[in-house]
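Fold and geometry: a report
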Amino acid sequence: MSRIAKYPVAVPKGVEVNLASGSISVKGPLGTIARAADPNVEVKKEGEELLFKALGNSNHADAMSGTMRALVANMVAGVTKGYEKKLALVGVGYRAQAAGDKLNLTLGFSHPVVHQMPKGVKVATPTQTEIVISGIDKQLVGQVAAEVRAHRPPEPYKGKGVRYAAEAVVLKETKKK
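Residues numbered from 1 in each chain as written. Predicted model: local features only at pLDDT ≥ 70, side-chain atom pairs only at ≥ 80, totals over all residues. Heavy atoms only, no water.

1. What about the overall build of the protein?
On a plain count of helices and strands, the protein comes out with two helices and 13 strands. At 21 Å, the protein has a C-alpha radius of gyration far larger than the 16 Å of a compact globule built from 177 residues. Over its C-alpha atoms, taken along the principal directions, the protein stretches across nearly 65 × 45 × 25 Å. A total of 177 residues make up the protein; the buried ones form 31% of that total. Once local pairs closer than 6 in sequence are excluded, the contacts in the protein between residues at least 24 apart make up 50%. In the structure as shown, the protein presents an accessible area of about 10,800 Å², 53% of it carried by carbon and sulfur atoms. Charged side chains in the protein number 26 positive and 15 negative. The centres of these two groups are separated by 8 Å. (Helix = DSSP H or I, 4+ residues; strand = E, 2+ residues; numbered from the N terminus. Rg over C-alpha atoms; globule rule 2.2 N^0.38 Å. Buried < 20%, exposed > 50% of the residue type's maximum accessible area, 1.4 Å probe, protein only. Contact = heavy atoms within 4.5 Å. Areas by Shrake-Rupley, 256 points an atom, 1.4 Å probe, with all protein chains shown as cover. Lys, Arg positive; Asp, Glu negative; His and termini not counted. Charge placed at Lys NZ, Arg CZ, Asp CG, Glu CD.)

2. Topic: the packing of aromatic side chains
Per the stated rule, a full pass over the model turns up zero aromatic pairs. Above the plane of the ring of Y164 lies K85, whose end atom (NZ or CZ) is 5.6 Å from the centre. If you follow R152 out to its NZ or CZ, it ends over the ring of F109, 4.3 Å from the centre. (Phe/Tyr/Trp six-rings, centres within 6.5 Å; stacked < 30°, edge-to-face > 60°. Lys NZ or Arg CZ within 6 Å of the ring centre and 35° of its normal.)

3. Focus on the sheet that holds strand β11 (residues 121-124)
If you walk across this open sheet you meet the four strands as β11-β12-β7-β13, and the pairing is antiparallel. Whereas interior strands pair on both sides, the edge strands pair on one side only; in this sheet they are β11 and β13 (161-164). Pairwise comparison of adjacent strand axes, ignoring direction, gives a mean angle of 25 degrees for this sheet. With four bridges connecting them, β11 and strand β12 (residues 130-135) associate as antiparallel partners. Each residue of the ladder has a partner; that of V123, found in β12, is I133. Along the sheet face, helix α2 (residues 138-150) touches β7 (83-90), β11, β12 and β13 and points at about 10 degrees away from the line of β7. (Pairing = 2+ DSSP bridges. Axes fitted to C-alpha atoms, helices over the stretch in contact; angles between N-to-C directions.)

4. Let's talk about the pattern of salt bridges
Within the structure shown, the criterion is met by three salt bridges. Among the ionic pairs, E84 bridges to K86, the shortest N-O distance being 3.8 Å. Under the relative-accessibility criterion, K86 is labelled partly exposed at 46%. (Salt bridge = Lys/Arg side-chain N within 4 Å of Asp/Glu carboxyl O.)

5. Here we look at the environment of I4
If you trace the backbone, I4 turns up in the segment before β1 (9-10). A relative accessible area of 44% places I4 in the partly exposed class. Residues I4 and A150 lie 146 residues apart in sequence; the distance between their C-alpha atoms is 32 Å. Ignoring sequence-local partners within four residues, the contact set of I4 consists of G66 and R69.

6. Describing helix α1 (residues 59-80)
Compared with an ideal rise of 1.5 Å per residue, which puts 22 residues at 32 Å, α1 spans 32 Å between its outermost C-alpha atoms and is within 8% of the ideal. What α1 keeps buried is the set A61, M64, S65, G66, M68, R69, V72, M75, V76, A77, G78 and V79. Residues of α1 that are buried make contact with β1, β3 (23-28), β4 (31-36), β5 (41-46), β6 (49-54) and β7. G82 sits one or two positions beyond α1 and adopts a positive phi of about 85 degrees. (Expected span 1.5 Å × (residues − 1).)

This is the structure:
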């Protein structure tokens, strides 16, 4: 049995879990998330806990039971606390400005870069060189942060570009004669 699937997911007060056939939806103070359930995993609600069990003895069912448990735990955490990723712009003239559901970036190109935020993701710019991406879906927040970083990833010689706030960029030494 999966070690992760052994631990139940606690459902806090104010969070409502609906186990329909083939899907799991979690509703909380920050919003609602739904996900398709794996047919190889049995999900039961006992009191204020969700229990996960693999159906059958296959390796796939065992692996998916741990995966489903982790995904549902992330859903519960997302509707209660939410997720956020912080990005930093490093470079002369690199700026960011949030305008509604768009993020306007000046990254040293001859044109401005406009990144459209998907539904369910909010963006804020506390300063011109900081970006905060937040939402209730952990996967979507991480994906959007990766897409914004991909516009100008940190280069290895001066470290200029868009990086995660806690990211350590290892700089290369320049070529010597």
